[in-house]
Amino acid sequence: MSDRKPFVGGNWKMNTNRTSGSDLARGVTDGLLQLDGVDVAVYPPFPYLLTVRAVLRDRGSSVKLGSQDSYFQNDGAYTGEVSSAMLKDCGVQTVLAGHSERRHVIGEKDELVNKKLRAVLESGLDGVLCVGETLDERLAGHQDIVNARQIRTGLADIPGSLLDRLVIAYEPVWAIGTGKTATPQDAQDAHKQIRSQLARLYGEEAAQRVRIIYGGSLKPDICADIFAQKDVDGGLVGGASLNAGDFVTICKAAASAAKAK
Ligand code: 13P
């Protein structure tokens, strides 16, 4: 059995509405009532955080409430932004930083991702740092360099004492929403490199404790082979997390894979 408890996040992105978000949260909590051996979080859009929180609370669920983004300042004249303190106030427990769509659609750079992640962890929330190469970077054989840079800059000035609340999500950009998944071996190779990079920054023992999860077109039928890899500790799920049954199946697969390791 792996020492690292797997983590599965459902990133709803800019999907659902108040009704469908509640229904989805209900479906996920009901499907996971009996489950232990995996940490699960859902990441609804900002306007539905409180609605989803109410569903999770009503059901006494251990599914965590997550936010897809946050800003690094606490409060002030930052129109449109939402701080970690505000998210905490709304019951959020975990926050994504540097998702590929924030980097490549909105234009966030490594330095901003670092400031956001630091603010999240320093405020006492859990943080998920997302990294991953584009197709061009992979075709050029640069995936390890890109991931190492995103890890190094993303974690700059973050002390080892905060690592217990950090998860790394490896999400190759070419696999997100494309139906193309990394092969289990590609995922393992990238996760191993990321763990080595963490070991260089924080030491081997700390690196062994950090959960590194895979994201990119994860579906119920292919997730088990990826979760079986030694350095894959769960997943960050986009499209399939919008279907409660599929998401629950993926969470259960992560728990089973960890037991078998
Ligand atoms: P898909 O599962 O839709 O490819 O999205 C992955 C992702 O970006 C999760 O954060």
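This report concerns the structure included in the present document.

Parameters at a glance
- Residues numbered from 1 in each chain as written.
- Predicted model: local features only at pLDDT ≥ 70, side-chain atom pairs only at ≥ 80, totals over all residues.
- Heavy atoms only, no water.
- Disulfide = S-S within 2.5 Å.
- Buried < 20%, exposed > 50% of the residue type's maximum accessible area, 1.4 Å probe, protein only.
- Pairing = 2+ DSSP bridges.
- Helix = DSSP H or I, 4+ residues; strand = E, 2+ residues; numbered from the N terminus.
- Axes fitted to C-alpha atoms, helices over the stretch in contact; angles between N-to-C directions.
- Contact = heavy atoms within 4.5 Å.
- Near = heavy atom within 4 Å.
- Polar contact = N/O pair within 3.5 Å; in protein donor to acceptor, adjacent residues only side chain to side chain.
- Areas by Shrake-Rupley, 256 points an atom, 1.4 Å probe, with all protein chains shown as cover.
- Nonpolar A, V, L, I, M, F, W, Y, C, P; charged D, E, K, R; others polar.
- Parallel < 35°, antiparallel > 145°, perpendicular 65-115°, else oblique.
- Left-handed = near helix turned anticlockwise from the far one by under 90°.

1. Quick look at the state of the cysteines
So, point 1. Using the criterion set out here, one finds 0 disulfides in the structure.
So, point 2. A disulfide-free cysteine, Cys130 has its sulfur positioned 16 Å from the sulfur of Cys251, the nearest such atom.
So, point 3. There is no disulfide at Cys223, and the cysteine sulfur nearest it, in Cys251, is 9.1 Å away.
So, point 4. Of the residues examined, Cys223 reaches a relative accessible area of 0% and is grouped as buried.

2. Observations concerning the sheet that holds strand β4 (residues 94–97)
Within a sheet, adjacent strands bond to each other through the backbone by hydrogen bonds, running parallel or antiparallel.
So, point 1. Read around the closed barrel, the 8 strands follow the order β1-β2-β3-β4-β5-β6-β7-β8; overall the barrel is parallel. Here the strands of the sheet are splayed against their neighbours by 25° on average, with no regard to which way each runs.
So, point 2. Pairing analysis gives 4 bridges linking strand β1 (residues 7–11) to strand β8 (residues 234–237), with the strands arranged parallel. Bridged to Val8 within β8 is Gly235.
So, point 3. Its contacts with the sheet place helix α7 (residues 143–154) against β5 (126–131) and β6 (166–170), and it is angled at close to 150° to β5.

3. Some words on the environment of Thr79
So, point 1. With respect to the helices, strands and loops of the structure, Thr79 is situated in the loop between β3 (64–67) and α3 (84–89).
So, point 2. Measuring from C-alpha to C-alpha, the distance between Thr79 and Phe46 comes to 15 Å, with 33 residues separating the pair along the chain.

4. Comments concerning the site of the ligand
So, point 1. Surrounding the ligand, one finds 13 residues, the nearest of these being Lys13, His99, Glu171, Gly177 and Ser217.
So, point 2. In the environment of the ligand, an oxygen atom lies 2.6 Å from a nitrogen or oxygen atom belonging to the backbone of Gly177.
So, point 3. In the environment of the ligand, an oxygen atom lies 2.7 Å from a nitrogen or oxygen atom belonging to the backbone of Ser217.
So, point 4. Contact with the protein chains removes 96% of the 310 Å² of surface that the ligand exposes when unbound.
So, point 5. When the residues that make up the shell around the ligand are grouped by side-chain class, the tally is 4 nonpolar, 7 polar and 2 charged.

5. Structural notes on the packing of helix α1 (residues 18–31) against helix α2 (residues 49–58)
Two quantities define a packed helix pair, namely the angle between the helix axes and the distance between the axes.
So, point 1. Put simply, α1 and α2 touch, their axes get as near as 9 Å, and they point 30° apart. It follows that α1 is roughly parallel to α2 by the angle criterion. Between α1 and α2 the crossing geometry is right-handed. Across the interface between the two elements, Arg18, Gly21, Ser22, Ala25, Arg26 and Thr29 of α1 pack against Thr51, Val52, Val55 and Leu56 of α2.
So, point 2. For the contact of α1 with α2, the class distribution of residues is 4 nonpolar, 4 polar and 2 charged.

On their own, these measurements won't tell you what the molecule is for.
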